[in-house]
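Residues per chain are reported as follows:
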Amino acid sequence: MNIDKRTRKTREILSKTLVHLLLEKPLSEITVTELTEASDLNRATFYLHYANIYDLFQSIEDELVEQVQSWINTAYPKDSNVFHLEYDKDGTPTLPVIAEVFNFIYSNRETTAVLLRNPESKLLDRIYSQGRDTILKFLLSQENSSDKIRIEFSLD
């Protein structure tokens, strides 16, 4: 989906403002009026992009989940196994997807902290589920499909 620059900027402002408000109080206590006043946007602009505060919160979470899924999908080069390692310049082995996830969390400390500690967030469940499904598909494509139950059991 190609989103114009103004729309992207408006959504970014609303997301950042919501994250800052969530550092102070729970999602259930934040109003659209409070959010739009803090972001210096009007309510009509908010409603052009989101149905309510929970919709905005969900979009922030969705964006994070999409990013993690992208890392999982690109972390395994063709013809590698699920435990693919790469080595840094010092020869230290790393799991690329794990390194990317932790770098993202570190770079976006406020957002991830807010999402991970908020009771409305299903972020960890969604990341686990998508990661598990991706790894399962990957393993099944490399293993004998008669081992599907063993592979599924080992991921639970």
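Predicted model only: the values in this text are computed from it and were never measured.

**A few points about the nonpolar core**
Residues L18, L22, L35, F46, I53 and L56 are the most contacted members of the largest nonpolar core, which totals 20 residues. Looking at this core, the elements that each hand over two or more residues are helix 1 (5-22), helix 2 (32-39), helix 4 (53-74) and helix 6 (109-117). Here the element with the most residues in this core is helix 4; it accounts for six residues. Look past the residues within four positions of L18 in its chain and what remains in contact with it is L27, I30, L35, I53, L56, F57 and I60.

**A look at the environment of A51**
Among the secondary structure elements, A51 is positioned in the loop between helix 3 (43-49) and helix 4. When its relative accessible area of 52% is taken as the criterion, A51 is described as exposed. The spatial distance from the C-alpha of A51 to the C-alpha of V32 is 10.0 Å, given a sequence separation of 19 residues.

**Details of helix 6**
Those residues of helix 6 not exposed but buried are T112, V114 and L115. Around the axis of helix 6, the buried residues are gathered within 160° of arc, so they sit on the same side.

**Structural notes on unusual backbone geometry**
A positive phi angle, near 60°, is found at D40, a position not held by glycine. With respect to the helices and strands, the residue D40 is situated in the loop between helix 2 and helix 3.

**Things to note about helix 2**
Along helix 2, the residues classified as buried are V32, L35, T36 and S39. Down the axis of helix 2, the smallest arc covering the buried residues is 90°, so these residues share one side.

**A word on the environment of K16**
Here K16 shows up in helix 1. For the pair formed by K16 and T111, sequence separation is 95 residues and the distance between their alpha carbons is 8.1 Å.

**What to know about the packing of helix 1 against helix 2**
It is the contact of helix 1 with helix 2, at a shortest axis distance of 9 Å, that shows an interaxial angle of 115°. Between helix 1 and helix 2, the crossing angle belongs to the class labelled roughly perpendicular. When the axes of helix 1 and helix 2 are compared, the crossing they make is right-handed. Facing helix 1, whose interface residues are I13, L14, T17, L18 and L21, helix 2 presents E34, L35, A38 and S39. A per-class count over the contact of helix 1 with helix 2 returns six nonpolar, two polar and one charged.

**What to know about the environment of L14**
Of note, L14 is situated in helix 1. In this structure L14 comes out as buried when scored by relative accessible area, which is 0%. In this structure, the C-alpha to C-alpha distance between L14 and I53, residues 39 residues apart in sequence, is 9.9 Å.

**Brief notes about the packing of helix 1 against helix 6**
The N-to-C vectors of helix 1 and helix 6 enclose an angle of 60°; their axes lie 9 Å apart at closest approach. By the angle between their axes, helix 1 is oblique relative to helix 6. As helix 1 packs across helix 6, the resulting crossing turns out to be left-handed. In contact with V19, H20 and L22 of helix 1, helix 6 contributes E110, T111, V114 and R117. Across the contact of helix 1 with helix 6, the residue classes break down as three nonpolar, two polar and two charged.

Conventions we followed
Within every chain, residues take consecutive numbers counted from 1 along the sequence as written. Local features are withheld for residues below a pLDDT of 70 in this predicted model, meaning they are given only at 70 or higher, and side-chain atom pairs are given and counted only at 80 or more; totals for whole chains, interfaces and linings count all residues. Excluded from the side-chain calculation are hydrogens and water; included are all heavy atoms of the structure. Nonpolar cores were defined as sets of buried Ala, Val, Leu, Ile, Met, Phe, Trp, Tyr and Cys residues, with membership established by side-chain atoms within 4.5 Å. Exposure classes here rest on a 1.4 Å probe applied to the protein chains alone. A residue is buried below 20% of its type maximum, exposed above 50%, and partly exposed in between. Secondary structure elements are taken from DSSP: a helix is a run of H or I of four residues or more, a strand is a run of E of two residues or more, and numbering for both begins at the N terminus. Only heavy atoms matter for contacts: two residues are in contact if any of them lie within 4.5 Å across the pair. The arc under discussion is defined with respect to the helix axis, by the directions toward the C-beta atoms. Axis geometry follows a simple rule: fit a line to the C-alpha atoms, using only the stretch in contact for helices, then measure angles between N-to-C directions, giving values from 0 to 180 degrees. Orientation categories follow fixed angle ranges, with anything under 35 degrees roughly parallel, anything over 145 roughly antiparallel, 65 to 115 roughly perpendicular, and all other angles oblique. Here a crossing is called left-handed whenever its near helix is offset anticlockwise from the far helix by less than a right angle, and right-handed whenever the offset is clockwise. Only Asp, Glu, Lys and Arg are considered charged in this grouping, and only Ala, Val, Leu, Ile, Met, Phe, Trp, Tyr, Cys and Pro are considered nonpolar; every other residue, Gly among them, is considered polar.

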